[in-house]
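This is what each chain is made of:
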Amino acid sequence: MSTETEHPVLPMASAINQALDVAMGLDPKVFLLGEDIAEPSGGVYKVTKGLSTKYGTNRVRKTAISEQAIIGAAVGAAIAGYRPVAEIMMMDFLAVCLDQVTNHAAKIRYMSGGQTPVPMVIRTSAGAGRGFGAQHSELLESWFVHTPGLKVVMPSTPADAKGLLLTAIFDDDPVLFIEQMMMYWDVKKYGGPVPPGDVRIPFGVADIKRAGTDVTIISYGRQVHECLRSAETLAVDGIECEVVDLRTLVPLDEAAVFASVTKTKRAVVVHEGVTRCGFGAELSSRIHEELFGELAAPVQRVGGANTPVPYASNLEADFIPQQSDIEAAVRRVTA
Amino acid sequence: MSTETEHPVLPMASAINQALDVAMGLDPKVFLLGEDIAEPSGGVYKVTKGLSTKYGTNRVRKTAISEQAIIGAAVGAAIAGYRPVAEIMMMDFLAVCLDQVTNHAAKIRYMSGGQTPVPMVIRTSAGAGRGFGAQHSELLESWFVHTPGLKVVMPSTPADAKGLLLTAIFDDDPVLFIEQMMMYWDVKKYGGPVPPGDVRIPFGVADIKRAGTDVTIISYGRQVHECLRSAETLAVDGIECEVVDLRTLVPLDEAAVFASVTKTKRAVVVHEGVTRCGFGAELSSRIHEELFGELAAPVQRVGGANTPVPYASNLEADFIPQQSDIEAAVRRVTA
Amino acid sequence: MFDGTDFAALWYETSMTQTSIGGDRPDAPDRDVLLAMFEIQSRIKLCDERFRSMLTSGQIQLIYYSPRGQECISAGWGVHLRPDDYVVTIYRGLHDHLAKGVPLRDLWAEFLGRATGTCKGKGGPMHITHPASGLMVTTGIVGAGIPIANGFGLAAQMDGTDQVCVVNFGDGAANIGAFHEGLNMAAVWKLPVIFVCQNNLYGEHTPMAMSTGVEYISERGAAYGMPGVTVDGNDPVATWKAMGDAVARARAGDGPTLVEARTYRFYGHLMGDAMEYMDKEERRLAMEADPVVAYRNWLIGNGHASEAQLAEIEEVVVAAIDDAVEFAMNSPFPDESELYTDVYAQATS
Amino acid sequence: MFDGTDFAALWYETSMTQTSIGGDRPDAPDRDVLLAMFEIQSRIKLCDERFRSMLTSGQIQLIYYSPRGQECISAGWGVHLRPDDYVVTIYRGLHDHLAKGVPLRDLWAEFLGRATGTCKGKGGPMHITHPASGLMVTTGIVGAGIPIANGFGLAAQMDGTDQVCVVNFGDGAANIGAFHEGLNMAAVWKLPVIFVCQNNLYGEHTPMAMSTGVEYISERGAAYGMPGVTVDGNDPVATWKAMGDAVARARAGDGPTLVEARTYRFYGHLMGDAMEYMDKEERRLAMEADPVVAYRNWLIGNGHASEAQLAEIEEVVVAAIDDAVEFAMNSPFPDESELYTDVYAQATS
Ligand SMILES: Cc1ncc(C[n+]2csc(CCOP(=O)(O)OP(=O)(O)O)c2C)c(N)n1
Ligand SMILES: Cc1ncc(C[n+]2csc(CCOP(=O)(O)OP(=O)(O)O)c2C)c(N)n1
Ligand SMILES: [Mg+2]
Ligand SMILES: [Mg+2]
């Protein structure tokens, strides 16, 4: 739980920009590559604003629309001793370069018997809610959690984004760093205090974003905010939820999850990605396997609909888990 | 449970070949495309042997090593009224054309509001156990189950393969049809009677491959055979396992699963793919959600190790779930 | 190899000064074709203007990729196609949708996410689909339409018809893997596909020269043994001619063509684009040479039509747009149950 | 466009009759380079023969992609590279591994899945990796090494060194998307990468002409503004020259080159291949013109070496192979715990 309210409140995009800036300042081996990331525009979401001016276009490299080439170049450079941060503009586009990610970045350390680590980060923005339709809105973290060799990070606050991205860049494994467009610039809803400098948040350490005694809500990314709001609503009815923000899915802070659920005996798992074979299934399974005898109710999953993301605003809103869905799930386990 | 032992016992590859042959004979709109599938070789595993001679190279189309072009052509032709059967030689290679599969084949019906169905099949061979290493051995069904719009099929016997493939070809949705190389030609271990002609097996109907009262083992594909062998071993100790072969993962025969587990109160889920975020997680979650109060023990998952597939034969053997793993899981839930 | 040459600038040096429209071509199209092209261009231009004004005024809200400036290209192939020919396009597709005859009402309703839209509101502007008009696929993934277009071409080839497929994509798409695989397959199989690269000199915020190893996209045809041609996409007559040749070749069974049509996006990548990465003077020149306006003047100046005739065409279009906007604005949003339909042929768990 | 021309046949018509080796080149390499190439070729040829004989006799069991017939290509670039240069290759990579200096013991042990192998037995033949020799990546995914090679080239460029990267792939790989994206990026960024297409005329069971829209892969260089050259990959001197030019260009900072080296796979796609899709006569001719044998004869015939000298080189190689085989056969399998290590830097749940 961040209490450093003395720090300037920033949007998440600025926090990410800061992390990149700090990392590039610290280590000349850190460089960025991706589409449109250099000045004058500084990225289509302006997340990399100013960096090419500060560090030069040699270290902030604008590329063609060639995602396989982007990830491939990052893989090779990483093996050769660099710490590339590749940007794939939207998560759905990982499908055009998945081979480089899953068959190469993820496996090369293993296939070489540990000789060739691949210390690289893939930053990608994701998520529904902006009327972008079926091919620009997905959250596919489950695919990558299913891919041994990758680490998977998905922050919910600007401070977490900064601290986790710095850790990702200096981590010796390939890290998929999932950002959510909805949070980039909306300071009012998603802004938060961001400590300056080289502040890192270790992987595999969940953050209890709200303490509670009755039900554990486990989530990550933007949905953490929905969970927190739901927790407020439920508190009015006397249901005290503990909101566990996983922050990193691989590695997973099982201990924190199990500790909380051992206490509350009830768990609800919330994420925006499609429910079927989503990360919630993994989490639910693990909790049942570990705490079967102690659970007062089956773990509930609240996730995206088992459909592509629709365009029409009313349908899109229905696709995404709502506070009402979270609250209903909590009420089911407390009934 | 197949009892038609009067039919000729065939290897799975021949059963698949028969299904393709029957479908092409029935409907001129069925055609095949893929690498090396035409004569004289008839595919690298000889699964399409003879078909280009019988139906011509116009309907059995050999392609360049261009998986995106293969799937794209299938998508377009399917929308235009054909029923293409595309072959992607090995499942790991789906990563080089995933965009066509997940962003296009899977979503196009939805995105067009139902105007443009995509009736196509992607056949792919998969699985470890042959010393092919990390990039030629994966089972990735979980990615595709997580992709709404796709159906996912994975047969365990030649008769099922034939009947399900025929259904897949004449289904109006895109179907991923997963074959396992280990079963193609090994008649002794995996052969079975195959009824002639146009025999179809409906999707979403699990097959109880062995009846039992104490524990439900749920599996699909080659692992069904391991489960059956484990069931024999366990029966010696008086543990009677029911082996449910799902056959299709999407659609899923939930009713059959729930009915069996309601009876046995114990479930073990077995698959070869990586455990973390594997299909077993989905199944385990659903069973817990539905039958929480009735379960005598938490559902156990037995899956591939959370690692890339190693090359060395001893390590590869350890990667794959073994009968001993299945038996241990069964003993855990009956303990 | 990127040697610092700014091809955008180069192109404008050579083409923006050129005002003649197909002037030196003896094989100009008939008057009715000329007017049909004008009608399509007007439809696109006026429709785009309406979208932009309604967006600016806040009447509607959506992600909008303006095709303004690229009208002549779609009109150029539009008049060669039959309803049973296939078209595949991209997120920046409004011009292509209209050139292929997608009805305005259905199109507007889809852009606004209404139940009456081409896709019941479920696809949206990036996925307009209208098989009745032959508009088969609109994709939001750069380059991905190219391999799919081969499937339509293959279907036509196997059916033994003389249908063709036109697939539209940008200059940026010429650097993605799907382009390569798609063009090679089309060439090897001699598919009746016309690959139309609408080269507006930018891919999102990146000038073509910074991302592309070759000066003309059309040069890449040779890498597949496929004819490649570059045409001034702002010259409707030259474009009509190039498209006609390519369509005829495809219909005759002589295989695919790569047509690069050079043009310019007047309004950047998408609505709201600050366009700080574009040269102001370059953009001013391009807009000054507005190809639709230039064509209109040319039609009148060369006696192909009177001002009144063209004004009447425009009025009819405006009326149709008025009607479509009203229809769309008054249409209901899709029923909530639609979230779950059309995922599969039948409901599937 | 596939017009039925059988390029394999064509190629053999023109090249198999040609017996001169770099004969008309005044700029032949020094004698020690000539012998170094022979040593590499012999290493590959003899190693391959040992693998095949042990496989045939059942002493070992593994998936084996013979590089026999393609020796001169790897030797051709091998003698130009320094240990700190990078090489990327594919499943058919034995020749490239040896040309880059991967030690025989480590290599054999890896092929046999032993703990003493280059990759502790975890990668296997398709993933031989030996950074100490500069053999950085061996991939089993067609074309995928190409974009990765750019990363090594980029590292060298950013480091400001004159290291280069040679990436090897087949003719079949020239039709996959990664090839296109990779070559374009290398051209735009002028990366010090040499793209070596080892064109053995087949991709698995498919002749190049059935899958490729162009006659020479090297023609595709022009699509990226990159020099492209085709060389007789069975002529060690010509290949040496072409590789030398490309390596020099890369070292000088003048960017990448696409080198297509034409050759032939003597033993089909992989061990056990029935080769029913290959023309018997074509194969007989190719094997008769065995480039290693031809080169050996040429060395002697032209006074570059005596029979005894070459025999001695071969004997040393055979002894080294004997030693490697024994080492590998006597090496333990990896410890079971190795299944779970090297997935991440530290154990990760
Ligand atoms: C595979 C993929 N990568 C990136 C994007 C993001 N993106 C959308 S449009 C675009 C630029 C495309 O440029 P171009 O092909 O020239 O078409 P234009 O927009 O200029 O019409 C990019 C990079 C995408 N949609 N798909
Ligand atoms: C993406 C991908 N598709 C298919 C395969 C299966 N495959 C392995 S080797 C091969 C043929 C490659 O031919 P070529 O590039 O000419 O290399 P060669 O084997 O002739 O050396 C194929 C299709 C693969 N490994 N990767
Ligand atoms: Mg463009
Ligand atoms: Mg080859």
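To keep things clear, this report deals only with the structure shown in the data block. (Residues numbered from 1 in each chain as written. Chains lettered and ligands numbered in written order. Predicted model: local features only at pLDDT ≥ 70, side-chain atom pairs only at ≥ 80, totals over all residues. Heavy atoms only, no water.)

Under ideal tetrahedral coordination, the four donors around a metal are separated by 109.5 degrees; under ideal octahedral coordination, the six donors are separated by 90 or 180 degrees. Residues and elements named next belong to chain C. Protein-derived coordination of the magnesium ion (ligand 3) comes from Asp 171 (OD), Asn 200 (OD1) and Tyr 202 (O), at a distance range of 2.0 to 2.1 Å. Along the chain, the residues that donate to the magnesium ion (ligand 3) are spaced as D-x28-N-x1-Y. Within this pair, whereas Asp 171 is found in the loop between strand E3 (165-170) and helix H7 (177-189), its partner Tyr 202 is found in strand E5 (residues 202-203), the two being separated by 31 residues in sequence. Judged by its relative accessible area of 2%, Asp 171 falls in the buried class. Among the residues examined, Tyr 202 registers a relative accessible area of 6% and is labelled buried. (Donors = N, O, S within 2.8 Å, 3.2 Å for Na, K, Ca; no water. Helix = DSSP H or I, 4+ residues; strand = E, 2+ residues; numbered from the N terminus. Buried < 20%, exposed > 50% of the residue type's maximum accessible area, 1.4 Å probe, protein only.)

Turning our attention to the nonpolar core. Soluble globular proteins: nonpolar side chains tend toward being buried together. If you look at the biggest cluster of nonpolar residues, it comprises 308 residues, and the most contacted ones within it are Phe144(A), Ile287(A), Phe144(B) and Ile287(B). Once you skip the residues sitting within four places of it in the chain, Phe144(B) turns out to touch Met91(B), Leu94(B), Leu98(B), Val101(B), Thr102(B), Leu150(B), Val152(B) and Leu176(B). (Core = buried A, V, L, I, M, F, W, Y, C linked by side-chain atoms within 4.5 Å. Contact = heavy atoms within 4.5 Å.)

The next point concerns the site of ligand 1. Around ligand 1 sit 21 residues in total, of which Glu67(A), Tyr91(C), Arg92(C), Gly172(C) and Glu204(C) are the nearest. Near ligand 1, the surrounding residues are drawn from chains A and C. One of the side-chain N or O atoms of Arg92(C) is found 2.8 Å from an oxygen atom in ligand 1. For ligand 1, a nitrogen atom lies 2.8 Å from a polar atom in the side chain of Glu204(C). (Near = heavy atom within 4 Å. Polar contact = N/O pair within 3.5 Å; in protein donor to acceptor, adjacent residues only side chain to side chain.)

All names here are of chain C. Along E3, six of the six residues are buried, which leaves the element largely enclosed by surrounding structure. Burial along E3 is two-sided: Cys 165, Val 167 and Phe 169 facing one way and Val 166, Asn 168 and Gly 170 facing the other are all buried. Of the pairings in the sheet, the one linking strand E1 (residues 86-90) to E3 comprises three bridges and is parallel in character. Bridge assignment links Val 87 to a residue of E3, and that residue is Val 166. As defined by bridge partners, E3 adjoins strand E4 (residues 193-199) across six bridges and the pair is classed as parallel. Among the inter-strand pairings, Phe 169 is bridged to a residue of E4, identified as Cys 197. Note on the crossover from E3 through H7 to E4: the handedness is right-handed. (Pairing = 2+ DSSP bridges. Right-handed = clockwise from strand over helix to strand, strands pointing away.)

What follows covers the relation of the copies chain C and chain D. Here chain C sits on chain D after a turn of 180° about the axis and a move of 0.0 Å along it, with an RMSD of 0.0 Å. Look at the turn and shift together and you get a two-fold axis relating the two. Among all C-alpha atoms of chain C, that of Gly177(C) lies closest to the rotation axis, at 1.7 Å. In this assembly, 100% of the residues forming the interface of chain C have copies in chain D that are likewise at the interface, indicating an isologous arrangement. (Least-squares fit on C-alpha atoms with pLDDT ≥ 70 in both.)

It is worth spelling out helix H4 (residues 98-105) of chain A at this point. Most of H4(A) sits inside the fold, with eight of its eight residues counted as buried. Within the span of H4(A), buried status applies to Leu98(A), Asp99(A), Gln100(A), Val101(A), Thr102(A), Asn103(A), His104(A) and Ala105(A).

Next up on the list: the interface of chain C and chain D. Taken together, the 24 residues of chain C in the interface contact 24 residues of chain D. Both faces considered, chain C and chain D share a buried interface measuring about 2,000 Å² in area, 55% of it formed by carbon and sulfur atoms. For the interface between chain C and chain D, the tally reads zero salt bridges. Viewed at the interface, chain D and chain C are joined by 16 residue pairs in polar contact (both at pLDDT 80 or more). Secondary-structure elements contributing two or more residues to the side of chain C that touches chain D are H7 and helix H8 (208-211) of chain C. (Buried area = accessible area lost by both parts, 1.4 Å probe. Salt bridge = Lys/Arg side-chain N within 4 Å of Asp/Glu carboxyl O.)

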